Amino acid sequence: CAGLQKGERMNFSSIRFKLIVGGILIVLVPLAVSGFVAKNNSAKAVTRYSKANAQSIAEGLTMQVAATLEGELKFVAAFAGRTQVKIAAEAVADKGVEGASEAVAVIRKDMEKRFEQLRATYDAIALTDAKGTIYVAAAANEAEVKAMDLARHPLFQEAKTLGKAVSGEVVRSKVSNQPEMLLCAPGYSGSGTFIGMFAANLKFSLLSDLITQKKNGTTGYCFMSNNQGIIIAHPDSKNVLQLDLKTLKGMESINNAMMAGKSGAEEYVYKEIDKVAGYAPVKLKGWSIAATQDAKEF
């Protein structure tokens, strides 16, 4: 009997132990599963938020860049239509530069005075006759004017043909070695005849600083590329007009979407680092802006 009772006690203890362990497992296993699911869902939710945030940053910057460029185009159009400019341009069209020397002298003085107010934004401003020959200009460096060569510049013909202010591509200045872009606006006489062009070399930093000064967390930054995938704004100035997104491994899908003028956000791996990037187009120029961030941060 004693042996039987002892066996029963042991069996009872074993059953009790199993019940306790079973009870614990009944509680912990669902917790572990739900914890894993919650963590997984949480990670996905954070990633979705980070992608949405990156896209929102990119879209906000595109609006800023477009608005700033549109403002500069309106400025050159207004400058080309100023009364003083029109008087000088009509005189040059009727009498030539030498015959209109008095009117040219007046507008030259006016241009030099106004350039002092514009030199923080422009490297050079100039007026041309109907053939594209510069007869008045003001610049921080005379070499800037010579480098403009407007008579043979495709933007001169584009502005003349379209009859409105237009902007060129981003190039590196041969004088300052800094990125710049040419803006041109046609001028017309009272009868509507084309009489010349107002041109201005815009310092591209006016636009690129909007991109490079924007941060996305600690690791994130923004950049802008043209419609060929060439970087035109980047926190690292060595990449500007040098780095081609098409050559970067891991950036293929994002680069294709950016060059196609799409908006969106994607996860990708660049140099073995998990990242997220949001992108949006600057439709006015066919450029695209991206906001990127390391995944480990979020």
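Before reading further, recall that the structure is shown in the block above.
Notes on the structure in this doc start here. All figures in this text were calculated on a predicted structure; none of them were measured in a lab. (Residues numbered from 1 in each chain as written. Predicted model: local features only at pLDDT ≥ 70, side-chain atom pairs only at ≥ 80, totals over all residues. Heavy atoms only, no water.)

### Overview of the pairing of strand β6 (residues 194-203)
Most of β6 is tucked away, with nine of its ten residues classed as buried. Sheet topology places strand β1 (residues 122-128) next to β6; six bridges connect them, and they run antiparallel. Bridged to Tyr-122 within β6 is Leu-202. Here strand β5 (residues 179-188) runs beside β6; their pairing, made up of nine bridges, is antiparallel. Note that in β6 the partner of Leu-183 across the bridge is Ala-200. (Buried < 20%, exposed > 50% of the residue type's maximum accessible area, 1.4 Å probe, protein only. Helix = DSSP H or I, 4+ residues; strand = E, 2+ residues; numbered from the N terminus. Pairing = 2+ DSSP bridges.)

### So, unusual backbone geometry
Across the chain, the bulk of peptide bonds are trans and the bulk of non-glycine residues have phi less than zero. In this structure, Asn-177 takes a positive phi of about 65° despite not being glycine. Along the chain, the position of Asn-177 falls in the loop between β4 (171-172) and β5. Looking at Asn-177, the relative accessible area reads 45%, which means it is partly exposed. A positive phi is found at Lys-271, a non-glycine position, where the angle reads about 55°. By the element assignment, Lys-271 lies in the loop between β10 (264-270) and β11 (273-282).

### Quick notes on the nonpolar core
In this structure, Tyr-122, Ile-125, Phe-198, Met-224 and Trp-287 are the most contacted members of the largest nonpolar core, which totals 49 residues. Per element, the largest residue contribution to this core is ten residues, and it comes from helix α1 (residues 2-80). Listed in part, the 13 residues of the second largest apolar core include Ala-124, Leu-150, Ala-159 and Ala-199. (Core = buried A, V, L, I, M, F, W, Y, C linked by side-chain atoms within 4.5 Å.)

### Section: the packing of aromatic side chains
According to the stated counting rule, one finds seven aromatic pairs in the structure shown. Among the aromatic residues, ring-to-ring pairing joins Phe-75, Phe-79, Tyr-122 and Phe-198 into one connected group. It is Arg-82 that lies over the ring of Phe-79; its NZ or CZ is 4.7 Å from the centre. (Phe/Tyr/Trp six-rings, centres within 6.5 Å; stacked < 30°, edge-to-face > 60°. Lys NZ or Arg CZ within 6 Å of the ring centre and 35° of its normal.)

### What about the packing of helix α2 (residues 83-99) against helix α3 (residues 101-118)?
At their nearest, the axes of α2 and α3 sit 8 Å apart, and the two run at 140° to each other. Taken together, the axis directions place α2 and α3 in an arrangement best described as oblique. By crossing handedness, the relation of α2 to α3 is classed as left-handed. Residues Gln-84, Val-85, Ala-88, Ala-91, Val-92, Val-97, Glu-98 and Gly-99 of α2 lie in contact with α3, whose contacting residues are Ser-101, Ala-103, Val-104 and Ile-107. Of the residues contributing to the contact of α2 with α3, the split by class is eight nonpolar, three polar and one charged. (Axes fitted to C-alpha atoms, helices over the stretch in contact; angles between N-to-C directions. Parallel < 35°, antiparallel > 145°, perpendicular 65-115°, else oblique. Left-handed = near helix turned anticlockwise from the far one by under 90°. Contact = heavy atoms within 4.5 Å. Nonpolar A, V, L, I, M, F, W, Y, C, P; charged D, E, K, R; others polar.)

### As for helix α7 (residues 252-259)
Along α7, the positions that sit buried rather than exposed are Ile-254, Asn-255, Ala-257 and Met-258. In an axial view of α7, the angular spread of the buried residues amounts to 165°, which keeps them on one side of the axis. Looking at the buried residues of α7, the elements they touch are β8 (220-225), β10, β11 and β12 (287-294). Looking at the residues trailing α7, positive phi occurs at Gly-261, about 75°. (Arc of directions from axis to C-beta.)

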